Amino acid sequence: MAAGVSGAGRDEVGEAASDAVTVASALAAAAARIAREARSETARLDAELLLGDALGVRREDLFAAPERVLDLEERLRFERLLKRRGAFEPVAYILGRRAFRTIELEVNDNTLIPRPETETLVEVALERLAAVDREEPLALDIGTGSGNIALALAAEHPTVHVLAVDFHPAPLEVAARNARRLGLEGRVMFMLSDVYDDLPPGVVFDLIVSNPPYVTPESLRRLRPEIRGWEPHVALRAERGGMEFYERIVPGAPPHLRPGGALAVEIPEMRLLDVLSLFVEVEAFEDIDARNDLGGRPRVVSGRLKAPGAGGGADAADGGLAGGAENRASSGSS
Ligand SMILES: C[S@@+](CC[C@H](N)C(=O)[O-])C[C@H]1O[C@@H](n2cnc3c(N)ncnc32)[C@H](O)[C@@H]1O
């Protein structure tokens, strides 16, 4: 009798064990499926991030418990996430968040997913800010999207105030939530503006930074389905061979910059010479510099506005320090 019971117990355990889905087996199967269905080049990483989310644990915790068995509810949750990934939805949209430098940001399909290359733009911007001799420098971020650049600057510079603008209200709502969650809403303000057109009059900045749309309509059609099919085209697409926004941002910058202030823009590598030429042609910038990203590709062009009398420069009156800009900007913030 006792032997029979223990025998039946062994069978049940044996059946359950053959059915059991562990962290390790779930990851292996999911990585293969993501590579096949979504043609992801980061299938294993995608699988780890999604399983971590389904189990409510950090990715690192998965490695500590590879034999942990998933219960039915966890398997179903993971399956729902894998279906979305199989439809090319980017992992960052599925998770609703993305890490950028030292901060984590909420993202959704109204915001571009912050890219690692853009971290180089923040690096250059921080270096330019370090050269500004003002206690509370004021920066402008054009095309803020999730607010990644503006918020990273405020997180990493102790006193900068940032006015962050976008042409579209939906990303600004996400950016404002990010600012609140990160406790940076006192130093980062958001407002709608078409590049410089709707800025509060008379305000001049110590730094203008932008990662504008720069993908040509032809290139957009050739992008991977998870970008083309999911990320907002208004965040990607630029006319005039991708130069549309640089042709507004670079020549338009001097009246909005304090002498000695800097402009730094992210670029696609094939537009390095075109954007450098714009900086030179304006005849208002000095110390013009190009910086490569971590992949070794040209990614950021920046320059400093010459002092008045040195061939250009802004002599616009200071329309208010950070507080003034905050007050005026807040009426348009979301
Ligand atoms: C390439 S995305 C950059 C988003 C974010 N700063 C980042 O680095 O991930 C460009 C952003 O510019 C915004 N944008 C498009 N047209 C604009 C315009 N005319 N004026 C201001 N922003 C604009 C888009 O909505 C989008 O958020």
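Note that the structure is a prediction, hence the values are computed from the model and not measured.

1. A word on the environment of Glu281
Its place among the elements puts Glu281 in helix H14 (residues 272-281). According to the C-beta neighbour criterion, Glu281 is exposed, with 11 such atoms within 10 Å. Measuring from C-alpha to C-alpha, the distance between Glu281 and Val250 comes to 9.7 Å, with 31 residues separating the pair along the chain.

2. Here we look at the site of the ligand
Near the ligand you find 21 residues, and of these Gly143, Gly145, Phe167, Asn211 and Ala235 are the closest. Elements that contribute at least two residues to the shell around the ligand include exactly helix H8 (148-156), strand S4 (161-166) and helix H12 (233-236). Of the residues that constitute the shell around the ligand, the class distribution is 12 nonpolar, seven polar and two charged.

3. Section: helix H5 (residues 72-86)
Relative to the 21 Å expected for 15 residues at 1.5 Å per residue, H5 spans 21 Å between its end C-alpha atoms, a close match to the ideal helical length. Phe78, Leu81, Leu82 and Arg85 are the residues of H5 that are buried. Across the axial projection of H5, the buried residues extend over an arc of 100°, all falling on one side. Projecting away from the buried face of H5 at angles above 90 degrees are the exposed residues Leu72, Glu73, Leu76, Glu79 and Arg80. Backbone geometry just downstream of H5 places Phe88 in the positive-phi region, at approximately 75°.

4. Quick look at the pairing of strand S1 (residues 97-100)
As a general feature of sheets, a regular strand has side chains that alternate between the two faces. Residue alternation in S1 divides its side chains into a buried set, Arg98 and Phe100, and an unburied set, Arg97 and Ala99. Once S1 ends, the chain turns through two residues before running back antiparallel as strand S2 (residues 103-106), passing Arg101 with a positive phi of about 50°.

5. Some remarks on the packing of helix H2 (residues 23-37) against H5
Here H2 crosses H5 at 20°, and the two axes come no closer than 9 Å. Between H2 and H5, the crossing angle belongs to the class labelled roughly parallel. The element H2 and its partner H5 pack so that their crossing is right-handed. Where H2 abuts H5, its residues Ala26, Ala30, Arg33, Ile34 and Glu37 lie against Phe78, Leu82, Arg85 and Gly86. Split into classes, the residues belonging to the contact of H2 with H5 amount to five nonpolar, one polar and three charged.

6. Overview of the environment of Phe190
With respect to the helices and strands, Phe190 occurs in strand S5 (residues 188-192). Taking the number of C-beta atoms within 10 Å as the measure of exposure, Phe190 has 29 and is therefore buried. Distance from Phe190 to Leu163, taken between C-alpha atoms, is 5.9 Å for residues 27 residues apart in sequence.

7. A short note on the confidence of the model for the chain
Low pLDDT means the predicted atomic positions in that stretch should not be read closely. Looking at the chain, pLDDT values average 89 and 87% of them are 70 or higher. Confidence scores differ between elements of the chain, with helix H15 (residues 322-330) showing the lowest mean pLDDT of 33 and strand S3 (residues 138-142) the highest of 99. A low-confidence stretch, residues 1-17 stays under pLDDT 50, and its non-local contacts, those more than four residues away or across chains, total zero contacts. Here residues 311-334 is modelled with pLDDT under 50, and outside its nearest four sequence neighbours on either side it reaches 66 contacts, counting other chains as well.

8. Overview of the sheet that holds strand S9 (residues 298-305)
The mixed open sheet is built from seven strands, whose spatial order is S5-S4-S3-S6-S7-S9-S8. Bordering the open sheet on either side are S5 and strand S8 (285-292), each of which pairs with just one other strand. On average, each strand axis in the sheet is inclined to that of its neighbour by 15°, with strand direction left out of account. Relative to S9, S8 runs antiparallel, the two being bridged by six bridges. Note that in S9 the partner of Asp289 across the bridge is Ser302.

How each quantity is defined
Residues numbered from 1 in each chain as written. Predicted model: local features only at pLDDT ≥ 70, side-chain atom pairs only at ≥ 80, totals over all residues. Helix = DSSP H or I, 4+ residues; strand = E, 2+ residues; numbered from the N terminus. Buried ≥ 20, exposed ≤ 12 C-beta atoms within 10 Å, placed from the backbone. Near = placed C-beta within 6 Å. Nonpolar A, V, L, I, M, F, W, Y, C, P; charged D, E, K, R; others polar. Expected span 1.5 Å × (residues − 1). Arc of directions from axis to C-beta. Pairing = 2+ DSSP bridges. Axes fitted to C-alpha atoms, helices over the stretch in contact; angles between N-to-C directions. Parallel < 35°, antiparallel > 145°, perpendicular 65-115°, else oblique. Left-handed = near helix turned anticlockwise from the far one by under 90°. Contact = placed C-beta atoms within 7 Å. pLDDT = per-residue confidence, 0-100.

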